[in-house]
Amino acid sequence: MVTPEANLSPFDANMAIDAGWEHCLAYNNLELAEISGLTQDAIFSRGPKGVRRTGMFVGGRDQFLAMDMLDAARRSMVPPFEISVFADPSGAFTTAAGMIACVEDSLSRVEEEGLANRKVLVFGGTGPVGSVCGTLASRAGADVSIVSHESLTKANEVAQQCNERFGTNLEGADGSNDGKIHTLLADAEVVFGAAKAGIQVLNAGHLQYAARLLVACDVNAVPPEGIEGVGVTSSSEPLEARSGCARAIGALAVGNVKYKAQQALLKQMLTTETPVYLHFDHALEAARGNAGS
Ligand SMILES: NC(=O)c1ccc[n+]([C@@H]2O[C@H](COP(=O)([O-])OP(=O)(O)OC[C@H]3O[C@@H](n4cnc5c(N)ncnc54)[C@H](OP(=O)(O)O)[C@@H]3O)[C@@H](O)[C@H]2O)c1
């Protein structure tokens, strides 16, 4: 389990052990240039038959660096000495996948089409969870704005980085004051909340401006609610903080799908005959199979 951070996430170590991996060794404070040597050190240790008993998990906090590390590991394989690799930095890939899958499920329950052509806002969209959520929504055909409470410049930078790396069509948006938030909400059909834990990004007053809102999904589990009225256990119930037919999806509903998706991908690495290289697209596929169940 490799990470550029000082510590491996205990959450990820527990998830891997619960998925059936017997030993999880942490390689911390890594730089991208170290991945190739480390990968080759791992693959040659058990012979061509035993090599499948090893896998690599890429953690950290940076979605772009994690994808670079996944790619570097993949390019370092020497078939038949090849192992599976799964990137999920800060849980962002599986959490964002859970958010998208839960919202798609909620839309389908009221006979609405999926995310294609929807107006989507991602508050906290400059963080790892929010930017990957925006990436997946854009790849599903939505018209997505990454909202920053700090500045339009910051939002545009992250949107552009995702567009260059992941072929998305994200735009940045300025959420630095109430007036700007009201204007953004006027068009929004789906709102995601992925701001720092314990921060409320939208209150009931803001939500009155969201006349077209169909679903609000927030993943902050630390009070206060990231989006007022979206309780942690909300699972497509009516959004109380706003009159109308909008639905609410909270952190535990998303977390349940995220958990199942991460477990499924960790198990896939253990059981696959052919090495797999897993990231947010695979997380979304796994999450879609678990949302609403
Ligand atoms: N339910 C689950 O399964 C699950 C799993 C993993 C993570 N999470 C949650 O997902 C959320 C996002 O995680 P993350 O690691 O991506 O978050 P993060 O990096 O800590 O923060 C995300 C963004 O929040 C914004 N923010 C920071 N301070 C703010 C403030 N005072 N007011 C408004 N916005 C502020 C920042 O964007 P701007 O400054 O640009 O606005 C920042 O980029 C967290 O709440 C985390 O706990 C949930």
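Here the structure is shown first, and the text comes after it.
Residues numbered from 1 in each chain as written. Predicted model: local features only at pLDDT ≥ 70, side-chain atom pairs only at ≥ 80, totals over all residues. Heavy atoms only, no water.

A. Highlighting unusual backbone geometry. The residue after P79, namely P80, is reached through a cis peptide bond having omega 10°. Its place among the elements puts P80 in the loop between helix 4 (63-75) and strand 2 (84-87). Residue P224 is bonded to the preceding P223 through a cis peptide linkage, with omega at 0°. Relative to the elements of secondary structure, P224 occurs in the loop between strand 7 (215-218) and strand 8 (235-238). Although it is not a glycine, S90 adopts a positive phi angle of roughly 60°. By the secondary structure assignment, S90 is in the loop between strand 2 and helix 5 (92-109). (Helix = DSSP H or I, 4+ residues; strand = E, 2+ residues; numbered from the N terminus.)

B. A look at the sheet that holds strand 6 (residues 190-193). On the basis of which strands lie adjacent, the open sheet formed by seven strands has the order 5-4-3-6-7-9-8 and mixed pairing. Unpaired on one side and paired on the other, strand 5 (171-174) and strand 8 mark the two borders of the sheet. Direction aside, the axes of adjacent strands within the sheet are offset by 25° on average. Pairing analysis gives four bridges linking strand 6 to strand 7, with the strands arranged parallel. (Pairing = 2+ DSSP bridges. Axes fitted to C-alpha atoms, helices over the stretch in contact; angles between N-to-C directions.)

Geometric values such as these leave the question of function open.
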